[in-house]
Amino acid sequence: MGTSENYLMQNEIIAKLSDPKLVQYDHTMLTYNDPTGHPALRAAIAEFLTERGNAPQPLDPNKITVMNGVTSCIDALAFSIGDPQDAFLCPTPYYGFILRDVGMRSQMQLFHVHLSSKPRPGESEPFQLTVERLEEALQQAKDQGINIRGLFLMNPHNPLGDVYKPKQLHDILLFCKKHQLHVVLDEIYLMSIFGEGAQHSSILRYKTEDIPDPMRTHFTWGFSKDFAMSGVRAAMIYTWNPSIYKALAELAVFHMFTASIQHQLKCLLQDQDFLNSYFLTYHQRLRESHKIVTDKLKELGIPYLHRPAGLYVWTDFSKYLTSTTVEAEQELSEKLSENKIFIASSAGFYSTEIGWFRIIFSRERDVVRVGMERIAKVCQEIQKSQGHAI
């Protein structure tokens, strides 16, 4: 329950990809293809995201670059946008491997925008990202002589599960335009919003003319989470900037994946009956598994963020720590591991608040139940050893 993978829909995906109609070869699959992705796949992705992302205008397949995973997409965008030692602003906590994605090849870095579980004046929710916090972080970076080139934003967020509100997102985009910053919107959990009535404020919902600074706005999405295919390595970038697109097209030759998989994904995205059934089932299973986790947390009296998206629950185990230190957090991790349960701690998300853990619930219901019972056992043993109720 520590790695953010979607096990809930694997059987449906295996059955679909095993359909003989999808397992076909022709001569075009045996020759060199367009490095940015087969035109038919890019067209299918554009149509899928236009419909499922509620885009007011059809997405242009010629603005899409297909790559082998969102990791590659982020790497290529960073390499195209910044220079060594430049930085992206990035709200914390965040999915820790983003640091590798933006830094390994481009040698860019992340400059943290610290969020807090305790809202300060002007904030209405825990871990709320505001323009005020962005302005503060940008000024701190300037004071340290760090050149900020952009903002990296996950929407829905990992590990918080937040979905940015339309006005909140628009204010953030205006901030980026004001300071001439690129914004990379990682929407890999685009279709993993399961909360009843929750709506996604995706950048795809903007008309091009309404995006505050389209030439510095870039969108990524992949099949890993929404389609339970983290091992397939298939993703895309959509950019409105012709120069960035040209750079991505050059880099794409290093990030291609097989033509046969591109054919299968194209067919999958074009099957509307399958998609309708798939997402109806997927969201219901997410709600059911999420409820198993949150019901047990309520029973134990453990605080958590109740959010409508993602495959995880951001949970506050700080009352079970012997001290507010990274060492005490690691000690709790080891106790959980001894009881055959792994959940990722705050240290892996560069959080400033010790004691928060991410619980993945996108597993079979029985697995989630067993996992939560093991977590409960550890917490109850700690409580007993302290000799009083926590």
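Residues numbered from 1 in each chain as written. Predicted model: local features only at pLDDT ≥ 70, side-chain atom pairs only at ≥ 80, totals over all residues. Heavy atoms only, no water.

K.L.:
I'd like a rundown of a nonpolar patch on the surface, residues and numbers included.
P.N.:
On the surface, Val253, Phe254 and Met256 cluster together into a nonpolar patch covering about 300 Å² of accessible area. The residue Val253 is located in the loop between α7 (242-251) and α8 (259-270) in this model. Take Val253: its relative accessible area is 45%, and that puts it in the partly exposed class. (Patch = residues over 30% accessible without salt bridge, like charges linked within 9 Å, V, L, I, M, F, W, Y side chains within 5 Å. Areas by Shrake-Rupley, 256 points an atom, 1.4 Å probe, with all protein chains shown as cover. Salt bridge = Lys/Arg side-chain N within 4 Å of Asp/Glu carboxyl O. Helix = DSSP H or I, 4+ residues; strand = E, 2+ residues; numbered from the N terminus. Buried < 20%, exposed > 50% of the residue type's maximum accessible area, 1.4 Å probe, protein only.)

K.L.:
Let's hear about the pattern of salt bridges: which residues, and what values?
P.N.:
Counted under the stated rule, the structure contains 24 salt bridges. Among the salt bridges present, the one from Asp171 reaches Lys167, with a minimum N-O distance of 2.8 Å. A residue pair is termed a helical-turn pair when its members lie 3 or 4 positions apart in one helix, as Asp171 and Lys167 do in helix α6 (residues 166-178) at four residues. Between Glu331 and Lys335 there is a salt bridge; the shortest N-O distance is 3.7 Å. Linking Glu331 with Lys335, this pair stays in helix α10 (residues 326-338), spanning four residues, or about one helical turn. Using a relative accessible area of 32% as the deciding quantity, one classes Glu331 as partly exposed.

K.L.:
Go over helix α5 (residues 131-143) with me, naming the residues and quoting the values.
P.N.:
One full turn of an α-helix is made of 3.6 residues, so residues set three or four places apart face in the same direction. Compared with the 18 Å implied by 1.5 Å per residue over 13 residues, the 18 Å span of α5 between its first and last C-alpha is a close match. Those residues of α5 not exposed but buried are Arg133, Leu134, Ala137, Leu138 and Ala141. Buried residues along α5 cover an arc of 135° about the axis, so they all sit on one side. Where α5 is buried, its residues touch β2 (87-92), β3 (109-114), β4 (148-154) and α6. Where α5 terminates, the next one or two residues include Gly145, which has phi positive at roughly 75°. (Expected span 1.5 Å × (residues − 1). Arc of directions from axis to C-beta. Contact = heavy atoms within 4.5 Å.)

K.L.:
Lay out the environment of Asp60 in plain terms, naming residues and giving numbers.
P.N.:
Tracing the backbone shows Asp60 in the loop between α2 (39-52) and β1 (64-67). Along the sequence, Asp60 and Ile45 sit 15 residues apart, while their C-alpha atoms lie 9.7 Å from each other.

K.L.:
Can you explain the packing of aromatic side chains? Please cite residues and give values.
P.N.:
For the coordinates displayed, the defined rule picks out 21 aromatic pairs. Between Tyr94 and Tyr350, the ring centres sit 5.2 Å apart and the planes meet at 10°, which makes this aromatic pair stacked. Remark: Tyr350 occurs in the loop between β9 (344-345) and β10 (356-360) and Tyr94 occurs in the loop between β2 and α4 (98-103); sequence separation between them is 256 residues. Tyr94 gets classed as buried once you look at its relative accessible area, which sits at 0%. For Tyr350, a relative accessible area of 33% corresponds to the partly exposed category. Through successive ring pairs, a cluster of aromatic residues spans Phe48, Trp221, Phe223, Phe227, Phe274, Tyr278, Phe279 and Tyr282. Positioned above the aromatic ring of Tyr7 is the side chain of Arg363, whose terminal nitrogen or guanidinium carbon lies 3.8 Å from the ring centre. (Phe/Tyr/Trp six-rings, centres within 6.5 Å; stacked < 30°, edge-to-face > 60°. Lys NZ or Arg CZ within 6 Å of the ring centre and 35° of its normal.)

K.L.:
Explain the packing of helix α1 (residues 10-17) against helix α9 (residues 272-300) to me, using residue names and the numbers behind them.
P.N.:
Taken N-terminus to C-terminus, the directions of α1 and α9 make an angle of 165°; their axes are 11 Å apart at the nearest point. Taken together, the axes of α1 and α9 lie roughly antiparallel to each other. The two elements α1 and α9 cross, and the hand of that crossing is left-handed. Counting all contacts with α1, which are made through Glu12, Ile13 and Lys16, the residues of α9 involved are Phe274, Tyr278 and Arg285. Of the residues in the contact of α1 with α9, the class split is three nonpolar, no polar and three charged. (Axes fitted to C-alpha atoms, helices over the stretch in contact; angles between N-to-C directions. Parallel < 35°, antiparallel > 145°, perpendicular 65-115°, else oblique. Left-handed = near helix turned anticlockwise from the far one by under 90°. Nonpolar A, V, L, I, M, F, W, Y, C, P; charged D, E, K, R; others polar.)

K.L.:
If you had to explain the pairing of strand β8 (residues 312-316) to someone new, which residues and values would you point to?
P.N.:
With five of five residues buried, β8 is to be regarded as a mostly interior element. By the alternation rule, side chains of β8 split into Tyr312, Trp314 and Asp316 and Val313 and Thr315, which are all buried.

K.L.:
Lay out the packing of α2 against α8 in plain terms, naming residues and giving numbers.
P.N.:
Where α2 contacts α8, the axes come no closer than 9 Å and their chain directions differ by 30°. Looking at the two axes, α2 sits roughly parallel to α8. You can see that α2 and α8 cross each other, and the crossing is left-handed. Taking contact as the criterion, the partners of Ala40, Leu41, Ala44, Ile45 and Phe48 in α2 are, on α8, Gln262, Leu265, Lys266, Leu269 and Gln270. Across the contact of α2 with α8, the residue classes break down as seven nonpolar, two polar and one charged.

K.L.:
Quick one: what's the story with the sheet that holds β8, residue by residue and with numbers?
P.N.:
Reading across from one edge, β8-β10-β9 is the order of the three strands in this open sheet, with antiparallel pairing throughout. Because the sheet does not close on itself, it has two edges, and the strands there are β8 and β9. The pairing of β8 with β10 spans five bridges and is antiparallel. From the neighbouring strand, Tyr312 faces β10, where its bridge partner is Ile360. Each of β8 and β10 touches α9; the most contacted strand, β8, lies at about 10° to it. (Pairing = 2+ DSSP bridges.)

K.L.:
Would you mind going over the nonpolar core in detail, with residue names and values included?
P.N.:
One finds Leu49, Leu89, Phe227 and Phe317 to be the most contacted residues of the largest nonpolar core, which totals 129 residues. A total of ten residues in this core trace back to one element, the largest contributor, which is α9. Beyond its immediate stretch of four places on either side in the chain, Leu49 contacts Asn54, Ala55, Leu59, Leu190, Leu204, Phe219, Trp221 and Met236. (Core = buried A, V, L, I, M, F, W, Y, C linked by side-chain atoms within 4.5 Å.)

K.L.:
Which residues make up the sheet that holds β2, and what are the values?
P.N.:
Here we have seven strands laid out as an open sheet, ordered β1-β7-β6-β5-β4-β2-β3, and mixed in their pairing. Of all strands in the sheet, those with a lone pairing partner are β1 and β3, marking the two edges. Pairwise comparison of adjacent strand axes, ignoring direction, gives a mean angle of 25° for this sheet. Bridge count between strand β6 (residues 217-222) and strand β7 (residues 235-239): five bridges; the pairing is antiparallel. Across the sheet, the residue bridging to Thr220 is Ile237, located in β7.

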